[in-house]
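Structural description and commentary
Here is what each chain is made of, one letter per residue.
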Amino acid sequence: MTDPGTDEAAHPQDEARQRRFDGMIAADERIEPRDWMPDAYRRTLIRQIAQHAHSEIIGMQPEGNWITRAPSLRRKAVLIAKVQDEAGHGLYLYSAAETLGVGRDELLDLLHQGRQRYSSIFNYPTVTWADVGAIGWLVDGAAITNQVPLCRCSYGPYARAMVRICKEESFHQRQGFDILYTLARGTDGQRRMAQESVDRWYWPSLMMFGPPDSESTHSEQSMAWNIKRFSNDELRQRFVDMIVPQAEALGLTLPDPALAWSAERGHYDFGTPDWDEFMQVLKGNGPCNRQRLEHRRTAHEEGAWVREAARAHAAKSRARERAAA
Amino acid sequence: MADQPLWEVFVRARRGLSHVHVGSLHAADAEHALRNARDLYTRRQEGVSVWVVPAAAISASAPEDKDAFFDPAEDKVYRHPTFYPVPEGVEHL
Amino acid sequence: MSGRENGSASAERDTALAAYALRLGDDALVASHRLAELAARGPQLEEDVALANISLDLLGQARSLLTYAGSLEERLTGVLRTEDDLAYLRDEDQFANCRLVELPNTDFAFTVARQFLFSAYQFELYTALAGSADGTLAGIAGKAVKEVAYHRDHASGWTVRLGDGTEESSERMAAALEAAWPYTGELFASDPVFRAVAGAGFGADPPELRPAWDAFVDGVLAEAGLARPEVPPITGPAGMGGRQGVHTEAFGYLLAEMQHLHRSHPGAAW
């Protein structure tokens, strides 16, 4: 990443533009697509929005895994709607990325080639129905904690997409909580299923906020640009403070022996996630990394002839219209 | 999709309001774009009417032109209702 | 509606009406399930969203129809089966859906073909049912016909796009239509249940829906540059098919997947 203050401001005209841009950021104004912006700002946004969009569409898989087995028709309808929302959120975000001058097909290619990331959480498997609940409650809960501040992000199209997404996401978290709540009050088998699932998803959900601030590479610059508003550790704390009382309401425990209220800090203390595991999953060695990408690539490749046909039909129709005119 | 053009989508939330830009999508032709827009941007009954416009057909003012484009309106204060003092006691004007 | 004038006649009608609602509900349930299998597998994201919409509409119809079938049955037997009891606790031979909707998604062209032929049928069906003498069915159909008009439009659009598109898409679409076509005969076959509900003004006798379906399908095929398949309808053992609970081999797997979790926890609430 280059420092926008040096190379790009060399030109006198660029210097004026840079000042204008800095002024808008300082005034907490929104940057819009046709505004001049430093290359590094543009690249950072493309990387972050793309990763976010990829996460939405890869995230369809672990939950989609349970649609055909959903245990009641009501749950099935809710789950279809939820997975559909994720496709929609992916589309909102790709559309925001496209305002920065990069095509969705390019971004998808980068995803398929493994050159852009998606949230590592989706590399964990959904092995029981309760996982659909845990994903809604913990994973979507962590995502919302991350995303609400993004509604005020300095880049207009991204901020607007996030407003839409956050509105829709709150339903996701509630339905997840509701699944676990029902299981926790159900048969012994259901209760065990719920607890076992929360035990598996708790730590990965804490990792969703990224490495500790002391080791986070992109944080500082993103904060300066008003892309990021709070640090990884601040958001992680906020999340833990939110889920502890919710776990009590569920009647389920969180698998963290260090969890305790600190009157002094006014926050819950909690343990340290296994960052080695985090790095391993990030590197591609998680339980489902290969499977998720393979699934995505297959859908894309198998759809190639369909997209081609739609294009060919549109071209033929235009030609026919011209001939008739 | 590089080959499926980009369409900008505008939704009228309810009668009496104008169409508002909500985002974009890809489709091979206008008819397909309209259907996709309906599916994507009105999943929660957000609209009563949808427009799709080829993104390539939109001409936009450059932000750098802002001064030339928008400042002339700055001195036309008579366009704004607050320009007119309202005598005390007159309401609903 | 019934039940006061002549006990046995009205019981007979309720029996037929319950069986009828179950057939319609099973059609919608299974059609929805096949589409839901495609979540995160569409040819492009926009299509993932569209297929999910259709699947959700069909599931909504299924829930209304199964709930209604269950309540009619309760009037006759005194035992209530909920939508979930009917969806999850019946065995294969108790499902009364047509076989067309249970055919697997072999490729996108086949999904389109199945959905095109089925939604064109559902459109005629619900149009007729919107005027049903049975208020509940009329209400369900009145809402559903708007949804299905969109499904039919969506599938017709793709039939034309694929038929007209490239050589490959046209071949795939033609092959898909040919594979699905033999199962359309069942959509328009009559039997005593259909005749009973039609006679009472509650439902439609399937053969009556055929001319309008033919005209619509032929119109779209002509626009798509596709020939109407010349393949005879598939038969069943002793003339039995989906309506009588004799299904394709693929259907058992669909049910096994759909029902296993629910059945693994008898009596549990979800």
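Everything here concerns the structure above.
Note that the coordinates shown come from a computational prediction; the quantities given were computed from them, not determined experimentally.

Digging into the environment of A:Tyr92
- One can find A:Tyr92 in helix H4 (residues 73-98).
- A residue is classified by how much of its surface remains accessible, and A:Tyr92, at 3% relative accessible area, is buried.
- For the pair A:Tyr92 and A:Val127, spaced 35 residues apart in sequence, the C-alpha to C-alpha distance is 29 Å.
- Leaving out residues up to four positions away in the same chain, A:Tyr92 has contacts with A:Ala161, A:Arg164, A:Ile165, A:Glu168, B:Leu40, B:Tyr41 and B:Arg43.
- A polar atom in the side chain of A:Tyr92 sits 3.2 Å from the side chain of A:Arg164.

Notes on the interface of chain A and chain C
- Across the contact, 44 residues belong to chain A and 47 residues belong to chain C.
- Here chain A meets chain C over a buried area of about 3,900 Å², counting both sides, of which 68% is carbon and sulfur.
- On the chain A side of the interface with chain C, the three residues burying the most area are A:Thr68, A:Leu73 and A:Trp305, jointly 20% of the side's total.
- Our count for the contact surface shared by chain A and chain C stands at two salt bridges.
- A salt bridge links C:Asp164 to A:Arg320; the shortest N-O distance between them is 3.0 Å.
- Where chain A meets chain C, there are 17 residue pairs in polar contact (both at pLDDT 80 or more).
- Of all elements in the fold, only helix H3 (60-64), H4, helix H7 (156-184), helix H8 (188-207), helix H12 (289-302) and helix H13 (304-324) of chain A reach the threshold of two or more residues within the side of chain A that touches chain C.
- Examining the composition of the side of chain A that touches chain C, we find that 13 residues originate from one element, H4(A), more than from any other.
- For the side of chain A that touches chain C, a count of residues per class yields 23 nonpolar, twelve polar and nine charged.

Side note on the sheet that holds strand S1 (residues 6-12) of chain B
Residue and element names in this part refer to chain B.
- Strand order in the open sheet made by the three strands is S2-S1-S3, with antiparallel pairing throughout. For this open sheet the edge positions go to strand S2 (19-26) and strand S3 (49-54), each flanked by a neighbour on one side alone. Averaged over all neighbouring strand pairs, the angle between strand axes comes to 30°, with direction disregarded.
- Bridging between S1 and S3 involves six bridges; their strand directions are antiparallel.

How each quantity is defined
Sequence order as written defines the numbering, with residues in each chain counted from 1. Labels are handed out in written order, letters beginning with A for the chains and numbers beginning with 1 for the ligands. Totals for whole chains, interfaces and linings use every residue, but because this is a predicted model, local features are given only for residues with pLDDT of at least 70 and side-chain atom pairs only at 80 or more, for both listing and counting. Neither water nor hydrogens contribute to the side-chain values; these are computed over all heavy atoms in the structure. The way it works is that DSSP assigns letters per residue, a run of H or I at least four long becomes a helix, a run of E at least two long becomes a strand, and they are numbered from the N terminus. For every residue, the accessible area obtained with a 1.4 Å probe (protein chains only) is divided by the maximum for its type, and the residue is called buried under 20%, exposed over 50%, and partly exposed between those limits. Residue contacts are counted whenever heavy atoms from the two residues lie within 4.5 Å of one another. Pairs of N or O atoms are called polar contacts if they sit within 3.5 Å, as long as, within protein, a hydrogen donor faces a hydrogen acceptor (for residues adjacent in sequence, only side-chain-to-side-chain pairs). A 1.4 Å probe defines the accessible area here, and the buried area is the portion of it lost by two parts on being joined, summed over both. We define a salt bridge as a side-chain nitrogen of Lys or Arg found within 4 Å of a carboxyl oxygen belonging to Asp or Glu. For this classification, Asp, Glu, Lys and Arg are treated as charged, while Ala, Val, Leu, Ile, Met, Phe, Trp, Tyr, Cys and Pro are nonpolar and the rest, including Gly, are polar. A pair of strands is considered paired only if DSSP assigns at least 2 bridges between the two. Whenever a helix is involved, its axis is fitted only over the stretch in contact; in every case the axis is a line through C-alpha atoms, and angles between N-to-C directions fall within 0 to 180 degrees.

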